[in-house]
Amino acid sequence: MSTLEIRGLEVSVITDKGAIEILKGVDLTIRSGETHAIMGPNGSGKSTLAYSIAGHPKYTVTGGSVILDGADVLAMKVDERAKAGLFLAMQYPVEVPGVSVSNFLRTAATALRGEAPKLRTWVGEVKAAMNALNMDPGFSERNVNEGFSGGEKKRHEIMQLELLRPKIAILDETDSGLDVDALRIVSEGVNRAKAANDLGVLLITHYTRILRYIKPDFVHVFANGHIVEEGGPELADKLEEKGYAEYVGS
Amino acid sequence: MSVLATNYLTPTGREEAWRFTPLNRLAGLHDGTSTTVERKSLALKGDLQPGVRASRISRELVPSVSESSDAIVARVHSEVEDVFVLDIADDTHLADAVHLFRSAGGSDGAELSQVRINVGANSTASVVVENSGSAILGEDIEIVLAPGAHLTFITLQEWANDSIHTARHHAILDRDSTFKSVTITVGGSLVRLLPTVEFTGPGSFADLSGVYFATAGQHLEHRIHIDHGVPKAKSRVNYKGALSGEGAHTVWIGDVFIRAAAEGTDTYELNRNLLLSDGARADSVPNLEIETGEIVGAGHASTTGRFDDEQLFYLMSRGIPVDEARRLVVRGFFAEIISHIEDEEIQERLMVRIDSELEKVGQ
């Protein structure tokens with residue numbers, strides 16, 4: 001049983017014109033097995049929340065805390081956060097030329113598990129994960145995210161989620177750019193990871209359609225750098241109907 | 001042809017061709033003040049395959065087949081006693097690469113060396129030249145491809161870090177021939193290579209690629225020159241370099257010349273440099289001269305940059321520690337070119353060398 005506690009999180013980015021405050025005090029607790037949807041308009045700071053928890057160097061935490069099972073996440077390096085059990089499925093996964101998917105996955109699994117996975121079982125694991133996500137077997141010999149279609153990038157992220165077995169996963173607009181079939185396949189992958197590892201999920205999205213496949217226990221409306229309303233799944237229905245108009249503007 | 005060893009070629013450092021090179025580190029190779037020693041360090045490794053002949057032939061019997069304004073090349077042509085000649089007969093398809101080794105060097109004096117590689121009509125071959133150890137070497141390798149010949153030419157500069165090496169690798173491509181070169185330079189105090197190409201027949205293709213990694217104090221220079229003098233020839237150049245440490249200096253020059261007669265030319269050259277620390281300097285100068293507009297394409301690109309933070313973040317967010325992430329990114333950066341070497345042992349050896357160069361970063 002894991003718990004990720006975000007308390008009063010304030011985050012800025014440094015630009016040429018000085019620091020710009022993006023997160024203005026975020027409070028959120030995610031436990032194993034729970035699925036939290038964070039919904040909000042573009043530019044509200046949803047992705048900043050995701051990247052700040054993962055430790056992206058572009059963001060500077062100016063206040064608050066992030067605690068995973070009693071450990072101070074903000075004091076950890078990026079790789080240590082992954083080892084502690086956090087995972088970020090990125091909206092725009094990065095191309096790494098010359099590094100094959102199979103080499104990347106094995107290196108990551110070795111780092112996270114503390115020893116190289118046994119080759120025979122590992123090959124089987126990867127094959128099963130790829131099959132489950134309807135991926136071509138030749139995929140593992142391609143370079144990480146290089147020349148991947150939008151759908152392939154997202155499947156690759158979810159394949160990592162299944163193979164690397166984190167405690168808490170943040171999915172940053174995993175639904176963007178997916179057609180209906182890909183959305184279903186990717187969502188099934190998330191649900192498998194939830195069932196297999198009692199995963200806690202923080203699902204960041206702009207649209208409600210992914211919530212038809214991944215059922216949230218809690219819905220949080222995010223606007224202007226913090227959570228402005230919270231509720232159960234019914235809140236998503238309200239957003240579907242009325243949009244974000246009432247939360248934005250002054 | 002004999003070239004007069006007059007002083008007019010002696011560089012002063014003001015010439016365009018020499019302006020990046022620290023002449024005082026050439027041990028006198030360029031101005032004739034070096035003491036030359038009789039050393040014939042180039043040797044063939046393994047048995048000769050059918051259709052291959054290797055011999056040393058008196059210089060007078062193997063005159064140079066190309067012109068060069070390079071002072072050290074001219075010196076080689078006028079001073080060597082004999083030429084190392086590798087002949088590959090017509091219609092020969094070699095199953096294995098021909099390996100030439102240069103390891104019996106020494107830095108007590110300079111060695112001058114001339115090499116000729118003749119690839120017969122419609123033959124297919126690979127030649128690998130491996131340089132290691134300590135040496136002061138002035139070298140000229142002329143490679144003549146007969147019509148329809150295909151040669152993969154790999155040179156490995158894995159020198160000890162006190163070596164001084166200047167060389168021209170000059171390929172002459174007749175009709176429908178293919179010349180694919182991979183030039184790897186990871187060692188040496190000063191290495192200055194001139195990979196040059198001359199087309200004498202249409203339908204020919206030169207594909208030049210290279211990798212270099214300079215650490216503190218190393219000067220690694222590659223000056224490519226491709227002369228499109230006939231119609232319908234194609235050239236591609238792709239060199240990648242990494243630099244780290246105080247005084248690490250790399251120079252990449254890519255001169256492509258498309259003459260009026262060279263209609264239908266297709267050329268593209270690319271140089272990418274990865275700066276891994278402060279205090280290192282990468283010079284990268286692509287240069288295209290075009291005398292005819294009737295071409296298929298001509299272009300070039302050059303980039304020099306630091307580690308991509310986004311790549312490191314992505315890898316680290318999957319639990320991979322920063323050193324390992326950097327190693328993956330640098331190996332990946334070079335893999336595109338090193339993977340062209342169809343010899344897994346050499347590939348792995350180079351990757352290990354690159355890892356060890358990388359470990360010096362920040363020390």
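First, a word on what this report is: a plain description of the structure on this page. The structure presented is a predicted model; accordingly, all values stated were derived computationally and were not measured.

Each value, and the rule that gives it
Residue positions are counted from 1 within each chain, in the order its sequence is given. Going through the entries in the order they are written, you letter the chains from A and number the ligands from 1. Local features in a predicted model are, by the rule used here, given only for residues with pLDDT of at least 70; side-chain atom pairs are given and counted only at 80 or more, and totals for whole chains, interfaces and linings are based on all residues. In computing side-chain properties, one takes all heavy atoms of the structure into account and sets aside hydrogens as well as water. Helical segments are the DSSP runs of H or I of at least four residues, strand segments are the runs of E of at least two, and each set is numbered from the N terminus. Here the radius of gyration uses the C-alpha set of atoms, whereas the globule reference equals 2.2 Å times the residue count to the power 0.38. Only heavy atoms matter for contacts: two residues are in contact if any of them lie within 4.5 Å across the pair. Accessible areas in this description were obtained via Shrake-Rupley with a 1.4 Å probe; residue shielding takes into account the shown protein chains only. Accessible area is worked out with a 1.4 Å probe on protein chains only. A residue is then buried under 20% of its type maximum, exposed over 50%, and partly exposed in between. Accessible-area loss on putting two parts together, using a 1.4 Å probe and summing over both, is the definition of buried area adopted here. Basic side-chain nitrogens of Lys or Arg form a salt bridge, by our definition, when they fall within 4 Å of a carboxyl oxygen of Asp or Glu. Side-chain atoms alone can form a polar contact between residues adjacent in sequence; in general such a contact is a pair of N or O atoms within 3.5 Å, and within protein one must be able to donate a hydrogen while the other accepts it. When residues are grouped by polarity, Ala, Val, Leu, Ile, Met, Phe, Trp, Tyr, Cys and Pro land in nonpolar, Asp, Glu, Lys and Arg in charged, and all others, Gly among them, in polar. Put simply, two rings from Phe, Tyr or Trp (the six-membered ring, in Trp's case) pair if the centres are within 6.5 Å, and we call them stacked under 30 degrees between planes, edge-to-face over 60, tilted for the rest. Throughout this description, the term charge over a ring refers to an Arg CZ or Lys NZ atom that lies within 6 Å of the ring centre and within 35 degrees of the ring normal. Following DSSP output, two strands are said to pair if at least two bridges run between them. Axis definition: a line fitted to C-alpha atoms, over the contacting stretch in the case of helices. Angles run 0 to 180 degrees between N-to-C directions. What makes a crossing left-handed is the near helix being turned counterclockwise from the far one by less than a right angle; a clockwise turn instead makes it right-handed.

This next bit is on the overall build of chain A. Scanning chain A from terminus to terminus reveals seven helices and twelve strands. For chain A, the C-alpha radius of gyration of 18 Å lies close to 18 Å, the compact-globule estimate for 250 residues. For the C-alpha atoms alone, the extent of chain A along its principal axes is close to 55 × 40 × 40 Å. The contacts of chain A with a sequence gap of at least 6 include a subset with a gap of at least 24, amounting to 70%. Carbon and sulfur atoms make up 49% of the accessible area of chain A, which amounts to about 10,900 Å² in all.

Before going further, it helps to spend a moment on the overall build of chain B. Regarding its fold elements, chain B presents four helices and 18 strands. Relative to the 2.2 N^0.38 estimate, which gives 21 Å for 363 residues, the radius of gyration of chain B is 20 Å and therefore close to what a compact globule would have. Dimensions along the principal axes, computed over C-alpha positions, put chain B at roughly 60 × 50 × 45 Å. When burial is assessed residue by residue, chain B has 57% of its 363 residues classed as buried.

As a further point, take the interface of chain A and chain B. Opposite the 32 residues of chain A that make contact, chain B presents 17 residues. With both chains or domains summed, chain A and chain B bury close to 1,900 Å², and 71% of this area falls on carbon and sulfur atoms. In this assembly, chain A and chain B are joined by one salt bridge. With its nearest N and O atoms 2.6 Å apart, the salt bridge here joins R318(B) to E157(A). Connecting chain A to chain B are nine residue pairs in polar contact (both at pLDDT 80 or more). Looking at the side of chain A that touches chain B, the elements that each hand over two or more residues are α1 (46-54), α2 (78-84), β6 (86-89), β7 (96-100), α3 (101-113) and α5 (150-164) of chain A. The greatest single-element share of the side of chain A that touches chain B, amounting to six residues, is contributed by α3(A). When its residues are assigned to classes, the side of chain A that touches chain B shows 20 nonpolar, eight polar and four charged.

By the definition in use, this model includes seven aromatic pairs over all chains. Chaining the aromatic ring pairs together yields one cluster made of Y51(A), Y59(A) and F313(B). The ring of F205(B) carries K234(B) above its face, with NZ or CZ at 4.8 Å from the centroid. Across from the ring centre of F333(B), 4.7 Å away, lies the NZ or CZ of K240(B), which sits over that ring.

All names here are of chain A. Summarising burial for strand β3 (residues 35-39): five of the five residues are buried, a large majority. Burial of the side chains of β3 extends over both faces: T35, A37 and M39 are buried on one face and H36 and I38 on the other. Alignment of β3 against strand β10 (residues 200-205), held across five bridges, turns out to be parallel. By the bridge assignment, I38 is partnered in β10 with I204.

With that out of the way, let us pick up the environment of H36(A). Residue and element names in this part refer to chain A. Along the chain, H36 falls in strand β3. Given a relative accessible area of 3%, H36 falls into the buried group. Separated by 37 residues in sequence, H36 and V73 place their C-alpha atoms 19 Å apart. When residues no more than four places from it in sequence are discounted, the contact partners of H36 are L28, T29, I30, V201, L202, L203, F218 and H220.

Here we take up the sheet that holds strand β4 (residues 98-102) of chain B. Residue and element names in this part refer to chain B. Within the open sheet, the nine strands sit side by side as β1-β4-β6-β8-β10-β12-β14-β16-β18. Their pairing is mixed. A single partner strand is all that each edge strand has here, and the edge strands are β1 (42-45) and β18 (297-306). Between one strand axis and the next, the sheet turns by 10 degrees as a mean value, whatever way the strands run. With four bridges connecting them, β1 and β4 associate as antiparallel partners. Residue pairing across strands places K45 opposite H99, the latter belonging to β4. Each of β10 (178-185), β12 (205-214), β14 (234-243) and β16 (266-275) is contacted by helix α3 (residues 322-338), which is oriented at about 155 degrees to β14, the strand it contacts most. Running over the sheet, helix α4 (residues 344-359) touches β4, β6 (124-133), β8 (150-159), β10 and β12 and is turned about 35 degrees from β8.

This paragraph deals with the pattern of salt bridges. All names here are of chain B. This model, assessed by the stated rule, comprises 39 salt bridges over all chains. Salt-bridge contacts for R192 lead to D70; the nearest nitrogen and oxygen are separated by 3.2 Å. Of this pair, R192 sits in strand β11 (residues 190-199) while D70 sits in the loop between β2 (52-58) and α1 (71-79), and the two are 122 residues apart along the sequence. In this structure, R192 and D70 share a single accessibility class: buried. Salt bridges sharing common partners tie together E324, R327, R331, E348 and D355.

Here the focus is α1(B). All names here are of chain B. A large share of α1 lies buried, amounting to eight of its nine residues. Listing the buried residues of α1 in full gives A71, I72, V73, A74, R75, V76, H77 and S78. Structurally, the start of α1 carries an N-cap: the backbone nitrogen of I72 is 3.0 Å from a side-chain oxygen of D70.

Right, let's talk about the sheet that holds β2(B) for a bit. Residue and element names in this part refer to chain B. Strand order in the open sheet formed by nine strands is β2-β3-β5-β7-β9-β11-β13-β15-β17, and the pairing between neighbours is mixed. The open sheet has two edge strands, β2 and β17 (281-290), and neither has a second partner. On average, each strand axis in the sheet is inclined to that of its neighbour by 10 degrees, with strand direction left out of account. Relative to strand β9 (residues 164-173), strand β7 (residues 135-145) is paired through ten bridges, and the arrangement is parallel. Bridge pairing links E139 to A167 in β9.

Here we come to the packing of α3(A) against helix α4 (residues 119-132) of chain A. Residues and elements named next belong to chain A. The contact between α3 and α4 brings their axes to 12 Å, and the two run at 115 degrees. Between α3 and α4 lies a crossing whose hand is right-handed. Facing α3, whose interface residues are L105, R106, A109 and R113, α4 presents L119, W122, E125 and V126.

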